[in-house]
Amino acid sequence: MQFMQDWIDNGIPKVFWISGFFFPQAFLTGTLQNFARRNLVSIDTISFGFEVLKQPVHHLEEAPTHGCYVRGLFIEGARWDQDAHLLVESRPKELYTDMPGIWFYPEVNRKQPDTAFYLCPLYKTLQRAGTLSTTGHSTNYVLAIEIPSDKPQYHWIRRGVAMLCALDY
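Residues numbered from 1 in each chain as written. Predicted model: local features only at pLDDT ≥ 70, side-chain atom pairs only at ≥ 80, totals over all residues. Heavy atoms only, no water.

Peer 1: Could you give an account of the layout of surface pockets, naming the residues involved and the relevant values?
Peer 2: Quantified by volume, the largest pocket comes out at close to 340 Å³. Lining the largest pocket are 16 residues; nearest its centre among them are Leu32, Ser47, Phe48, Phe50 and Leu143. Looking at the lining of the largest pocket, the elements with two or more residues in it are helix H2 (24-39), strand S2 (46-52) and strand S10 (141-148). Looking at the lining of the largest pocket residue by residue, the class counts come to ten nonpolar, four polar and two charged. Taken as a whole, the second largest pocket encloses approximately 280 Å³ of empty space. Residue lining of the second largest pocket: 18 residues in total, with Phe16, Thr31, Asn34, Gly67 and Cys68 positioned closest to the centre. The leading source of residues in the lining of the second largest pocket is H2, at six residues. (1 Å grid on protein atoms, 1.4 Å probe; cavity = no way out; pocket = protein on both sides within 12 Å on 5 of 7 lines; lining within 4 Å. Points joined across faces, edges and corners; volume = space filled by probe spheres on them. Helix = DSSP H or I, 4+ residues; strand = E, 2+ residues; numbered from the N terminus. Nonpolar A, V, L, I, M, F, W, Y, C, P; charged D, E, K, R; others polar.)

Here it is in structure tokens:
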């Protein structure tokens, strides 16, 4: 758990290893709460926007001014094309691939884009199943992330594309 020890020793990290959290939903809610308090807005009016980073996370020199950089995610059923900056088909015999870092940035009264993205579910584990929690969601489901794509939503839904925090527990 070097990530946690570095956090203790060196302060808040520039990039968070989301796979290291037992309950990543709480971390993401805390990120929204920090933004709400800093900007004196109701947390109910805030949601995340997403930006897949073009540069490797180890090249980032500072944390974002709002939101958080996240690393450690995998994608199943597709892959990220760093050159095209789009979700594309998996290569043959390639089940899972690493996702680059993603910036989760809070916005007030955010409108979801109409096109050019896939609303990709993020799960903690490969199982994609859990028990229903008090929020009405599976305990394994984290949230849905907007991933740039030049194909319609149904294309990726039919392939069962999802992002994962961990490949094996």
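Peer 1: Help me get a handle on H2, residues and values and all.
Peer 2: Taking 1.5 Å of rise per residue, the 16 residues of H2 would be expected to cover 22 Å, and the 23 Å separating its terminal C-alpha atoms lies within 8% of that figure. Residues of H2 that are buried: Pro24, Gln25, Phe27, Leu28, Thr31, Leu32, Phe35 and Ala36. On its buried face, H2 sits against strand S1 (15-17), S2, strand S3 (68-71), strand S8 (102-108) and S10. Leu40 sits one or two residues past H2 and shows a positive phi near 55°. (Expected span 1.5 Å × (residues − 1). Buried < 20%, exposed > 50% of the residue type's maximum accessible area, 1.4 Å probe, protein only. Contact = heavy atoms within 4.5 Å.)

Peer 1: I'd love a proper account of the side chain of Glu146, names of residues and values included.
Peer 2: Inspection of the secondary structure assignment puts Glu146 in strand S10. Here Glu146 falls in the buried class, since its relative accessible area comes to 9%. At a separation of 2.6 Å, a polar atom in the side chain of Glu146 contacts the side chain of Arg110. Within the local environment of Glu146, its side chain forms a polar contact with the side chain of Gln112, the two groups lying 3.4 Å apart. Leave out the neighbours within four places in its chain, and Glu146 touches Phe50, Arg110, Gln112, Pro113, Phe117, Tyr118 and Leu119. (Polar contact = N/O pair within 3.5 Å; in protein donor to acceptor, adjacent residues only side chain to side chain.)

Peer 1: Lay out unusual backbone geometry in plain terms, naming residues and giving numbers.
Peer 2: In the Ramachandran plot, Leu40 falls in the positive-phi region, its phi being about 55° despite a non-glycine side chain. As for its position among the elements, Leu40 is in the loop between H2 and S2. Looking at Leu40, the relative accessible area reads 78%, which means it is exposed. The phi torsion at Lys93 lies on the positive side, around 65°, for a residue other than glycine. Within the secondary structure layout, Lys93 lies in the loop between strand S6 (86-88) and strand S7 (96-98). What makes Lys93 exposed here is its relative accessible area of 88%.

Peer 1: Explain the side chain of Thr31 to me, using residue names and the numbers behind them.
Peer 2: Here Thr31 is to be found in helix H2. Judged by its relative accessible area of 9%, Thr31 falls in the buried class. Those residues in contact with Thr31 that lie beyond four places of it in its chain are Phe48, Gly67 and Cys68.

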